[in-house]
Amino acid sequence: MNNDITTAETFLERLRTKTSVAHTNLERLPVSESIMDPEVTASQYLFYLNLMHDVVKQAEEEIFPALTSIMPDIAERNKAALIESDFSALGYAKMQNQKPFENIEAMSPAFRMGILYVIEGSSLGGRIILKNINTALGLTEDNGTAYFAGYGNKTGSMWKSFLNALTAYEEEHNNEDQIIAGAEYAFNTISRHFTQN
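Residues numbered from 1 in each chain as written. Predicted model: local features only at pLDDT ≥ 70, side-chain atom pairs only at ≥ 80, totals over all residues. Heavy atoms only, no water.

Enquirer: Explanation requested: the packing of helix α3 (residues 42-63) against helix α8 (residues 176-196) in the structure shown.
Expert: Two quantities define a packed helix pair, namely the angle between the axes and the distance from one axis to the other. Running from N to C, α3 and α8 cross one another at 140°; their axes reach a closest spacing of 10 Å. As summarised for this structure, α3 and α8 are arranged oblique, according to the angle between their axes. Like other packed secondary-structure pairs, α3 and α8 cross with a definite hand, here right-handed. Between α3 and α8, the contacting residues are Tyr48, Leu51, Met52, Asp54 and Val55 on the first element and Ile190, His193 and Phe194 on the second. Tallied by class, residues from the contact of α3 with α8 come to 6 nonpolar, 1 polar and 1 charged. (Axes fitted to C-alpha atoms, helices over the stretch in contact; angles between N-to-C directions. Helix = DSSP H or I, 4+ residues; strand = E, 2+ residues; numbered from the N terminus. Parallel < 35°, antiparallel > 145°, perpendicular 65-115°, else oblique. Left-handed = near helix turned anticlockwise from the far one by under 90°. Contact = heavy atoms within 4.5 Å. Nonpolar A, V, L, I, M, F, W, Y, C, P; charged D, E, K, R; others polar.)

Here it is, written out as structure tokens:
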């Protein structure tokens, strides 16, 4: 039993380590830093939400449906509707969606799980961003910050259940490299999307 726990931890450590540069690069982009700034403006916040909506909506519609056998609760993890409710609360009408992810049909389930790892992980950071947006702009979960509120007080348990499913899947299929490649691809794709717009 202890050996299983150690294996899972080492896989997750390697996943974090091998994606850390791509993760840090994304966090250091001006658009990412802007929403953590105490002086963030409503237009900067909306710009960020608009870009994230492209990422989340395409992932939910085109990437995640193939993962239902691995993540039976994946529908509960959809967040595009939360961003849309924030748009509505802020009086913003999104004109059109861009699709940052490419060659989706060629993605293996393991690669897709790597992408899900990045999007699920953003829920943890969202809790920190939520506090800043609440303080800077006076927005609340019911009025403009539903996306960053995410799973609310279930954020920790939802993340843990995702990691349990991810490690069990990796252990069964021995596809660590594909999962890591998917996570790196997700961080890099989001970064590219954030810098091209």
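Next comes the rest of the account.
Enquirer: I tried to follow the packing of helix α5 (residues 109-137) against α8 on my own but got confused; where do I start?
Expert: Contact pair α5 / α8: the axes reach a minimum separation of 6 Å and the direction vectors enclose 50°. It follows from the interaxial angle that α5 and α8 lie oblique. For the element pair α5 and α8, the recorded crossing hand is right-handed. The segment α5 lies against α8, with Ala110, Phe111, Gly114, Ile115, Tyr117 and Val118 engaging Gln178, Ile179, Ala181, Gly182, Ala183, Tyr185, Ala186, Phe187 and Ile190. Here the contact of α5 with α8 is built from residues that sort into 12 nonpolar, 3 polar and no charged.

Enquirer: How should I be thinking about unusual backbone geometry in this particular structure?
Expert: Trans peptide bonds make up most of the peptide bonds, and negative phi angles are found at most residues other than glycine. At Asn103, a position not held by glycine, the phi torsion is positive, near 50°. You can see Asn103 is positioned in the loop between α4 (80-89) and α5. Phi at Asn174 takes a positive value of approximately 55°, unusual for a residue other than glycine. Within the fold, Asn174 resides in the loop between α7 (155-173) and α8. Relative accessible area serves as the criterion here: at 66%, Asn174 is assigned to the exposed category. (Buried < 20%, exposed > 50% of the residue type's maximum accessible area, 1.4 Å probe, protein only.)

Enquirer: In this structure, what is going on with the environment of Ala183? I would like to understand it.
Expert: Topologically, Ala183 is positioned in helix α8. Look at Ala183 and you get buried, because its relative accessible area is 0%. A C-alpha to C-alpha distance of 14 Å links Ala183 and Ile104, two positions 79 residues apart in sequence. When sequence neighbours within four positions are dropped, the list of residues in contact with Ala183 reads Leu15, Thr19, Gly114, Ile115, Tyr117 and Val118.

Enquirer: I keep staring at the layout of surface pockets and nothing clicks. Help me out?
Expert: Unoccupied space between atoms shows up once a probe the size of one water molecule is rolled over them. One number sums up the size of the largest pocket: a volume of about 650 Å³. Lining of the largest pocket is provided by 27 residues; of these, His23, Glu27, Gly121, Ser122 and Gly125 occupy positions nearest its centre. Among the secondary structure elements, those contributing two or more residues to the lining of the largest pocket are α1 (2-27), α3, α5, α6 (146-149) and α8. In terms of residue count, α5 provides more of the lining of the largest pocket than any other element does, 10 residues in total. (1 Å grid on protein atoms, 1.4 Å probe; cavity = no way out; pocket = protein on both sides within 12 Å on 5 of 7 lines; lining within 4 Å. Points joined across faces, edges and corners; volume = space filled by probe spheres on them.)

Enquirer: Looking at this model, I keep getting lost on α5. Mind explaining?
Expert: Since the α-helix packs 3.6 residues into each turn, any two residues three or four apart lie on the same face. With 29 residues, α5 should cover 42 Å at 1.5 Å per step; its first-to-last C-alpha distance of 39 Å lies within 8% of that length. Just past α5, the residue Gly138 takes up positive phi, approximately 70°. (Expected span 1.5 Å × (residues − 1).)

Enquirer: Could you clarify how one ought to interpret the packing of aromatic side chains in this entry?
Expert: For any two aromatic rings, the description comes down to two numbers: the centre-to-centre distance and the angle of the planes. Under the definition given, this model contains 9 aromatic pairs. Measuring from centroid to centroid gives 5.9 Å for Tyr48 and Phe148, while their planes differ by 35°, and the two rings are tilted. Taken together, the residues Tyr48 in helix α3 and Phe148 in helix α6 connect sequence positions 100 residues apart. With respect to class, Tyr48 is no different from Phe148; both count as buried. Geometrically, the ring pair formed by Phe111 and Tyr185 is tilted, given 5.4 Å between the ring centres and 45° between the ring planes. Note that Phe111 is positioned in helix α5 and Tyr185 in helix α8, a separation of 74 residues in sequence. You'll find Phe111 and Tyr185 in the same group, each marked buried. Through a chain of ring-to-ring contacts, the aromatic side chains of Tyr45, Tyr48, Tyr147, Phe148 and Phe194 assemble into a single cluster. (Phe/Tyr/Trp six-rings, centres within 6.5 Å; stacked < 30°, edge-to-face > 60°.)

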